[in-house]
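Summary of the model geometry
Each chain is listed here by its residues.
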Amino acid sequence: MDWKYKHFHQERVYPASRELVFEAARTFMAESLGWQVTDTPEGFTAQGYSFLHRAIANLHIQSAGDGTRVDIELLVERASSQGFMLFDVGGYYNIQIRKWLDGIQWSIHQERTGSHDESTNPLVLAQNKPSAYIFNGCLVFICVTFALYFLVTFICAVVGLATGNLYLLGRGGTLVIHGIWGRMVSALILMFGAFLVWKIKRKANMNPTLTT
């Protein structure tokens, strides 16, 4: 398991030449997302931030029969100012990649027609949908719930280390650990929490500015 990055992968074939797809994909990632793009022999790499997590998208673009295949490998740093990501809550990043693939199709159409109608951009359309507001609200609610749970667990660990009585809240009820084991588990929880804080602060110091 990669503890630094969460990995995601999707691909799609477009009925267009490699040159057109490359330019359309590059334009979309650089202009619509505002990510920093660097060309590679297989395509290009885009770097930016998504949901406050630093991310790297490797796009491999190659001819496939009468069309062109775009393969997106997304690496999202688990540690961020928002916390540590163990899993993709609500499938957020998989949904984002699908939007990017739709955006590349939109960008291909823009290249072919020479139009610049941002109102049909999939990112703009997705933001204006009521379901997008509901989904984002659910994500915020889930993140706040996790943050409160970790805060309560941290407080319980501090109390457990001091008293030897550790109380852990869970779906099946409250787990109680007494004595030396309570102090040991409390210490492990606090050490893990300190490690996460150190990782987040380290990333913040390495990336003082946040670009969208």
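Refer to the structure presented above.
Below: a short report on this structure. (Residues numbered from 1 in each chain as written. Predicted model: local features only at pLDDT ≥ 70, side-chain atom pairs only at ≥ 80, totals over all residues. Heavy atoms only, no water.)

What follows deals with the overall build of the protein chain. Check the secondary structure of the protein chain and you find five helices and nine strands. When its helices and strands are written in sequence order, the protein chain yields β-α-β-β-β-β-β-β-α-α-α-β-β-α. When the 212 residues of the protein chain are sorted by exposure, 36% land in the buried category. A separation threshold of at least 6 residues defines the contact pool for the protein chain, and within that pool the share at least 24 residues apart is 56%. For the protein chain, the accessible area works out to roughly 12,500 Å², and carbon and sulfur atoms hold 63% of it. (Helix = DSSP H or I, 4+ residues; strand = E, 2+ residues; numbered from the N terminus. Buried < 20%, exposed > 50% of the residue type's maximum accessible area, 1.4 Å probe, protein only. Contact = heavy atoms within 4.5 Å. Areas by Shrake-Rupley, 256 points an atom, 1.4 Å probe, with all protein chains shown as cover.)

Turning next to the packing of aromatic side chains. In total, this model carries five aromatic pairs according to the counting rule given. Both rings, one in phenylalanine 8 and one in tyrosine 93, keep their centres 5.4 Å apart while their planes meet at 35 degrees; by these two values the pair is tilted. Highlighted residues: phenylalanine 8 in strand β1 (residues 5-14) and tyrosine 93 in helix α2 (residues 92-113), separated in sequence by 85 residues. Relative accessible area serves as the criterion here: at 2%, tyrosine 93 is assigned to the buried category. Summarising the aromatic geometry, the rings of tyrosine 149 and phenylalanine 150 are spaced 6.0 Å apart at their centres and angled 65 degrees between planes, so their arrangement reads as edge-to-face. Residue class for tyrosine 149 comes out partly exposed when judged on its relative accessible area of 39%. (Phe/Tyr/Trp six-rings, centres within 6.5 Å; stacked < 30°, edge-to-face > 60°.)

Okay, the pattern of salt bridges next. All told, the structure shown has four salt bridges when counted by the stated rule. Between arginine 54 and glutamate 77 there is a salt bridge, with the nearest N and O atoms lying 3.5 Å from each other. Within this pair, whereas arginine 54 is found in strand β4 (residues 53-64), its partner glutamate 77 is found in strand β5 (residues 67-77), the two being separated by 23 residues in sequence. (Salt bridge = Lys/Arg side-chain N within 4 Å of Asp/Glu carboxyl O.)

Quick look at the sheet that holds strand β3 (residues 43-50) now. The strand order β1-β5-β4-β3-β2 describes an open sheet built from five strands, whose pairing is antiparallel. Strand pairing shows two members of the sheet lacking a second neighbour, β1 and β2 (36-40), which therefore form its edges. Neighbour to neighbour, the strand axes of the sheet diverge by 20 degrees on average, direction disregarded. Those strands touched by α2 are β1, β3, β4 and β5, and its axis lies near 30 degrees from that of β1. (Pairing = 2+ DSSP bridges. Axes fitted to C-alpha atoms, helices over the stretch in contact; angles between N-to-C directions.)

Moving on: the nonpolar core. Met29, Trp35, Phe44, Leu59, Val70, Leu74 and Trp100 are the most contacted members of the largest nonpolar core, which totals 31 residues. Elements with a contribution of two residues or more to this core: β1, α1 (18-32), β3, β4, β5 and α2. No other element matches the eight residues that α2 contributes to this core. (Core = buried A, V, L, I, M, F, W, Y, C linked by side-chain atoms within 4.5 Å.)

Taken together, the side chains of Met1, Trp3, Leu86, Phe87, Phe146, Tyr149, Phe150, Val152 and Leu169 define a hydrophobic patch exposed on the protein surface, amounting to about 950 Å² of accessible area. A total of four residues in the nonpolar patch trace back to one element, the largest contributor, which is helix α4 (residues 130-163). Within the secondary structure layout, phenylalanine 150 lies in helix α4. (Patch = residues over 30% accessible without salt bridge, like charges linked within 9 Å, V, L, I, M, F, W, Y side chains within 5 Å.)

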